[in-house]
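Fold and contact review
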Protein chains: 2
Amino acid sequence: MNSNVEKQYVVGIDIGGTNTVFGIVDARGSILASGAVKTQSYTEVENYVDEVCKNLLPLIIAHGGVEKIKGIGIGAPNGNYYTGTIEFAPNLPWKGVVPLASLFEERLGIPTALTNDANAAAVGEMTYGVARGMKDFIMITLGTGVGSGIVINGQVVYGHDGFAGELGHVIMRRENGRLCGCGRHGCLETYCSATGVARTARELLAARTDQSLLRNIPAESITSKDVFDAAIQGDELAAEIFKFTGSLLGEALADFISFSSPEAIVLFGGLAKSGDLIMKPIQESINANVLQIFKGKAKLLISELKDSDAAVLGASALAWELRE
Amino acid sequence: MNSNVEKQYVVGIDIGGTNTVFGIVDARGSILASGAVKTQSYTEVENYVDEVCKNLLPLIIAHGGVEKIKGIGIGAPNGNYYTGTIEFAPNLPWKGVVPLASLFEERLGIPTALTNDANAAAVGEMTYGVARGMKDFIMITLGTGVGSGIVINGQVVYGHDGFAGELGHVIMRRENGRLCGCGRHGCLETYCSATGVARTARELLAARTDQSLLRNIPAESITSKDVFDAAIQGDELAAEIFKFTGSLLGEALADFISFSSPEAIVLFGGLAKSGDLIMKPIQESINANVLQIFKGKAKLLISELKDSDAAVLGASALAWELRE
């Protein structure tokens with residue numbers, strides 16, 4: 001009997017600062033069962049792993065047991081693919097270097113791979129999503145921050161140390177750039193994340209006097225969703241905020257194209273769902289800024305994975321790539 | 001008899017706008033014989049290929065004949081690795097898309113690979129030079145322009161279209177950036193090439209009034225060599241020009257590290273030979289600008305290949321990677 005045929009499922013675990021979500025996934029990218037635990041409730045990583053396993057194991061058993069599972073994939077902040085460790089993740093309760101992949105392997109006896117969430121998203125898109133069949137693409141995740149996963153020659157770029165692909169921290173404004181959470185100034189993430197959009201809104205509202213629906217909201221509580229809602233109601237200032245954001249992101253993408261000349265750039269996250277409001281300025285800015293030799297070559301695509309499923313699917317996709 | 005053992009040499013051909021240099025190279029990177037023709041003398045590419053072959057074939061025969069040659073590698077501006085063509089190279093006499101690799105294959109019956117000169121330099125460094133054994137590094141060539149060859153997972157990054165790795169055209173100054181030969185403004189190459197250094201010299205001399213040995217040279221004829229000569233004589237303005245250049249290059253390298261997290265960055269070309277004058281500001285600028293997670297990780301190295309041999313060696317190294 002061929003043991004490959006038996007192992008028809010994978011497990012995806014997405015570790016966020018607040019919640020950990022996990023699921024059993026088949027080869028077509030359907031989530032057959034899923035569960036969640038609160039990440040912050042477990043100050044000891046062993047207790048955390050116990051709790052995830054306690055919730056996950058019944059789902060595995062209900063789908064034929066451990067022998068049906070090819071592997072576990074984990075997406076986690078500051079995840080190092082080479083070592084299977086989480087290293088100095090500021091938003092997680094466990095300090096230092098945490099050997100998470102081996103903790104799960106020991107508990108469940110299932111091979112486990114781990115990387116950061118944006119790299120996992122790239123593998124998910126390549127396995128189940130809009131980048132199926134592509135050998136060269138760049139995934140950009142637009143969330144609270146800006147993350148990236150780079151695929152070259154069909155492989156995720158992990159770099160020498162396992163941490164490559166931090167395109168949210170490429171410097172876009174070297175003079176008077178915005179202060180970033182990383183301690184430096186002018187990072188892409190300070191402009192093109194959801195929080196960056198809110199920051200742009202506050203800056204523009206303070207610097208100018210023209211009317212805007214956004215003036216009805218206390219400046220400090222404006223979110224990127226508010227800006228979107230105002231823009232679709234025809235608010236010009238809100239539309240301008242998207243234009244600024246998209247234009248700056250396009251400048252960055254034009255540079256990324258000079259690096260790896262990808263077949264496509266895949267955008268994921270709330271901002272990418274803002275339609276022409278954001279996509280049109282991004283595409284115009286790429287066209288205006290990209291080197292002649294690359295003009296018109298890289299496709300600009302939006303992720304096809306459902307927001308709520310994408311993190312688990314991305315993590316699970318890592319497991320298909322595990323060697324027996 | 002094992003046919004691999006027989007094929008103990010490769011041929012490297014470096015095509016420049018003025019000269020074409022070629023040589024027969026052994027596995028240790030020794031050039032056993034070499035020759036040259038004037039590129040610009042042949043407006044028809046067929047005549048050019050005939051002339052190169054006429055000069056190359058006697059060298060090949062003197063080293064055991066075509067059956068000893070594993071392959072030919074060609075480094076050429078705008079070279080496309082996937083198709084073996086040179087595409088719209090502004091400094092070469094042949095217009096449009098030129099199928100150079102297949103022209104040589106037809107004439108000589110030897111498998112031929114082709115890429116641009118900076119990618120060839122990266123393969124050369126990986127095969128014979130300071131990047132031996134490295135899987136992840138970035139080669140930066142500092143010459144008239146700034147070129148780059150990126151190696152990830154042991155493979156040169158050619159991208160979707162064969163043209164990836166144009167890091168000389170990443171935008172470093174988005175406001176009031178210098179006009180680049182590519183038609184855009186603020187490219188790395190406008191600051192950190194030999195011509196960029198001369199440009200910085202002219203700008204500083206015009207903007208300031210302090211003494212400098214460089215004021216003895218007519219501004220329009222200042223070269224990066226003049227700036228170097230002045231700097232080693234203790235000229236402060238000249239030293240400042242190197243500091244500016246190195247600092248800006250370090251900013252760029254810090255961003256490149258965020259992309260592929262290489263084990264090393266290898267610098268090649270005249271500027272890289274300027275010692276501490278340039279290397280110290282580059283290293284300081286990398287340290288000051290790189291994302292925390294990558295701090296102190298990527299080594300900054302200088303090519304070990306002799307300037308006069310490097311182009312032929314780089315091109316020849318491509319041929320070792322050819323499949324039988």
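Residues numbered from 1 in each chain as written. Chains lettered and ligands numbered in written order. Predicted model: local features only at pLDDT ≥ 70, side-chain atom pairs only at ≥ 80, totals over all residues. Heavy atoms only, no water.

Regarding the overall build of chain A
Stated formally: A run of H or I in DSSP counts as a helix once it spans at least four residues, and a run of E counts as a strand once it spans at least two, with each numbered from the N terminus. Note on classification: 1.4 Å probe, protein chains only; a residue is buried when its accessible area is under 20% of the maximum for its type, exposed when over 50%, partly exposed between these limits. When checking whether two residues touch, look at their non-hydrogen atoms; a contact exists if any pair is within 4.5 Å. Note that accessible areas follow from Shrake-Rupley with a 1.4 Å probe, and for residues the cover is restricted to the protein chains shown. In this tally, Lys and Arg are treated as positive and Asp and Glu as negative; His is ignored, and so are the chain termini. The location of each charge is read from NZ of Lys, CZ of Arg, CG of Asp or CD of Glu.
A count of helices and strands for chain A gives 10 helices and 13 strands. Counting only residues that meet the buried cut, chain A has 58% of its 324 residues in that class. Across chain A, the fraction of contacts at a sequence separation of at least 24, relative to all contacts at a separation of at least 6, is 64%. Total accessible area computed for chain A in this model is approximately 13200 Å², and 51% of it derives from carbon and sulfur atoms. Side chains of chain A carry 27 positive and 36 negative charges; the gap between the two charge centres is 3 Å.

A word on unusual backbone geometry
The residue Asn 176 of chain A is not glycine, and still its phi comes out positive at about 55°. Mapped onto the secondary structure, Asn 176 of chain A falls in the loop between β11 (155-156) and α5 (189-192). The exposure class of Asn 176 of chain A is exposed, given its relative accessible area of 79%. Positioned with a positive phi, Asn 153 of chain B is a non-glycine residue whose angle comes to about 50°. Within the element layout of this structure, Asn 153 of chain B appears in the loop between β10 (146-152) and β11 (155-156). Taking the relative accessible area as the measure of exposure, Asn 153 of chain B reaches 26% and is therefore partly exposed.

Some words on the relation of the copies chain A and chain B
Mapping between the two copies of the chain is achieved by a rotation about an axis and a shift along the axis. Formally: The atoms used to superpose the copies are C-alpha atoms, taken from residues with pLDDT of at least 70 in both, and the fit is least squares.
Each copy of the sequence occupies a distinct position, and chain A is placed on chain B by a rotation of 180° and an axial shift of 0.0 Å, giving an RMSD of 0.0 Å. In short, the pair behaves as if placed about a two-fold rotation axis.

Some words on the sheet that holds strand β5 (residues 79-80) of chain A
Residue and element names in this part refer to chain A. For the record, the criterion: Any two strands with at least two DSSP bridges between them are considered paired.
A sheet is described by the order of its strands in space; here three strands give the open sequence β5-β6-β7, paired in antiparallel fashion. Each edge of the open sheet carries a strand with a single partner, namely β5 and β7 (97-98). Relative to β7, strand β6 (residues 85-87) runs antiparallel, the two sharing two bridges. Each residue of the ladder has a partner; that of Glu 87, found in β7, is Val 97.

A short note on the sheet that holds strand β4 (residues 69-75) of chain A
All names here are of chain A. How we decide: All axes here are fitted lines through C-alpha atoms, helices being fitted over the stretch that makes contact, and every angle between N-to-C directions spans 0 to 180 degrees.
The strand order across the open sheet formed by five strands is β3-β2-β1-β4-β8, and the pairing between neighbours is mixed. The open sheet terminates on both sides in strands that have one partner only, identified here as β3 (31-38) and β8 (112-115). Across this sheet, the average inter-strand angle for adjacent strands is 15°, counted without regard to direction. Docked against the sheet, helix α4 (residues 117-128) engages β1 (9-15), β2 (19-26), β4 and β8, running at close to 115° with respect to β8. Across the face of the sheet, helix α10 (residues 307-320) comes into contact with β1, β2, β3, β4 and β8 while running at roughly 130° to β1.

Brief notes about the pairing of strand β10 (residues 146-152) of chain A
Residue and element names in this part refer to chain A. Summarising burial for β10: seven of the seven residues are buried, a large majority. With six bridges joining them, strand β9 (residues 137-142) and β10 adopt antiparallel strand pairing. Bridged to Ile 138 within β10 is Ile 150. The turn linking β9 back onto β10 is made up of three residues. Sheet analysis places β10 next to β11, joined by two bridges and oriented antiparallel. Bridge pairing links Ile 152 to Gln 155 in β11.

Focus: the interface of chain A and chain B
Applicable threshold: Buried area: the sum, over both parts, of the accessible surface (1.4 Å probe) that disappears when the two are put together. Salt-bridge detection follows one rule: a side-chain nitrogen of Lys or Arg within 4 Å of a carboxyl oxygen of Asp or Glu.
Taken together, the 39 residues of chain A in the interface contact 39 residues of chain B. Here chain A meets chain B over a buried area of about 3500 Å², counting both sides, of which 57% is carbon and sulfur. When residues of chain A are sorted by the area they lose upon contact with chain B, His 160, Arg 174 and Phe 259 of chain A head the list and together hold 22% of the total. Joining chain A to chain B, the criterion identifies six salt bridges. Measuring nitrogen to oxygen at the nearest pair gives 2.7 Å for the salt bridge that ties Lys 297 of chain B to Asp 161 of chain A.

What to know about the pattern of salt bridges
Tallying each qualifying case throughout the model produces 28 salt bridges over all chains. Here Asp 307 of chain B ties to Lys 273 of chain B by a salt bridge, and the two come within 2.6 Å at their closest N and O atoms. You can see Asp 307 of chain B sitting in helix α10 (residues 307-320) and its partner Lys 273 of chain B sitting in the loop between β12 (264-268) and α9 (276-289), a full 34 residues away along the chain. Residue classification places Asp 307 of chain B among the partly exposed residues on the basis of a relative accessible area of 40%. With relative accessibility at 43%, the residue Lys 273 of chain B sits in the partly exposed group. Put simply, Arg 173, Glu 251 and Asp 255 of chain A together with Arg 174 of chain B are held in one network by salt bridges that share partners.

Quick word on the side chain of Ser 258 of chain B
Of note, Ser 258 of chain B is situated in helix α8 (residues 236-260). In contact with Ser 258 of chain B, other than residues within four places in its own chain, are Ala 164, Gly 165, Glu 166, Leu 167 and His 169 of chain A together with Leu 291 and Phe 294 of chain B.

What about empty space enclosed by the protein?
Condition: In the cavity and pocket records, a cavity denotes points on a 1 Å grid over the protein atoms alone where a 1.4 Å probe fits but cannot get out, a pocket denotes an open set with protein on both sides within 12 Å along at least 5 of 7 lines, and lining residues are residues with an atom within 4 Å of a point. Grid points are joined across faces, edges and corners, and a volume is the space filled by probe spheres set on the points. Only Asp, Glu, Lys and Arg are considered charged in this grouping, and only Ala, Val, Leu, Ile, Met, Phe, Trp, Tyr, Cys and Pro are considered nonpolar; every other residue, Gly among them, is considered polar.
If you walk through the whole model with that rule in mind, you get one cavity of 30 Å³ or more. Within this model, the largest cavity holds a volume of roughly 110 Å³. In terms of lining, the largest cavity is formed by 15 residues, of which the most central are Val 170, Asp 255 and Phe 256 of chain A together with Val 170 and Asp 255 of chain B. For the lining of the largest cavity, the elements supplying multiple residues, two or more each, are α8 (236-260) of chain A together with α8 of chain B. Classifying every residue of the lining of the largest cavity gives 11 nonpolar, no polar and four charged.

A look at the packing of aromatic side chains
For the record, the criterion: Working definition: a ring pair exists when centres of Phe, Tyr or Trp rings (six-membered ring for Trp) sit within 6.5 Å. Plane angles under 30 degrees give stacked, over 60 give edge-to-face, the rest tilted.
Following the criterion strictly, the structure yields 17 aromatic pairs over all chains and no others. Both rings, one in Phe 259 of chain A and one in Phe 256 of chain B, keep their centres 6.4 Å apart while their planes meet at 65°; by these two values the pair is edge-to-face. Here Phe 256 of chain B lies in helix α8 and Phe 259 of chain A lies in helix α8, a pairing that spans two chains. Phe 256 of chain B shares its class with Phe 259 of chain A; the two are buried. Between the aromatic rings of Tyr 48 of chain B and Trp 94 of chain B, the centroid separation amounts to 4.5 Å while the plane-to-plane angle is 50°, which identifies the pairing as tilted.

Quick word on the nonpolar core
Across soluble globular proteins, you tend to see nonpolar side chains buried next to one another. To keep things clear, this is the line we draw: Nonpolar core, defined: a set of buried Ala, Val, Leu, Ile, Met, Phe, Trp, Tyr and Cys residues in which side-chain atoms within 4.5 Å join the residues together.
By size, the foremost hydrophobic cluster in this structure holds 98 residues, and its most contacted members are Ile 140 and Phe 256 of chain A together with Ile 140 and Phe 256 of chain B. Once you skip the residues sitting within four places of it in the chain, Ile 140 of chain B turns out to touch Val 146, Gly 147, Ser 148, Leu 167, Leu 253, Phe 256, Ile 265, Val 266, Leu 267 and Phe 268 of chain B.

Remarks on the confidence of the model for chain A
Detail in the predicted coordinates should be disregarded across regions flagged by low pLDDT. Heads up, the rule is: Known as pLDDT, the predictor's per-residue confidence is scaled from 0 to 100.
Summary statistics for chain A give a mean pLDDT of 95 and a share of 98% for residues scoring 70 or more. For this predicted complex, the interface confidence reaches an ipTM of 0.93, while the overall pTM sits at 0.94.

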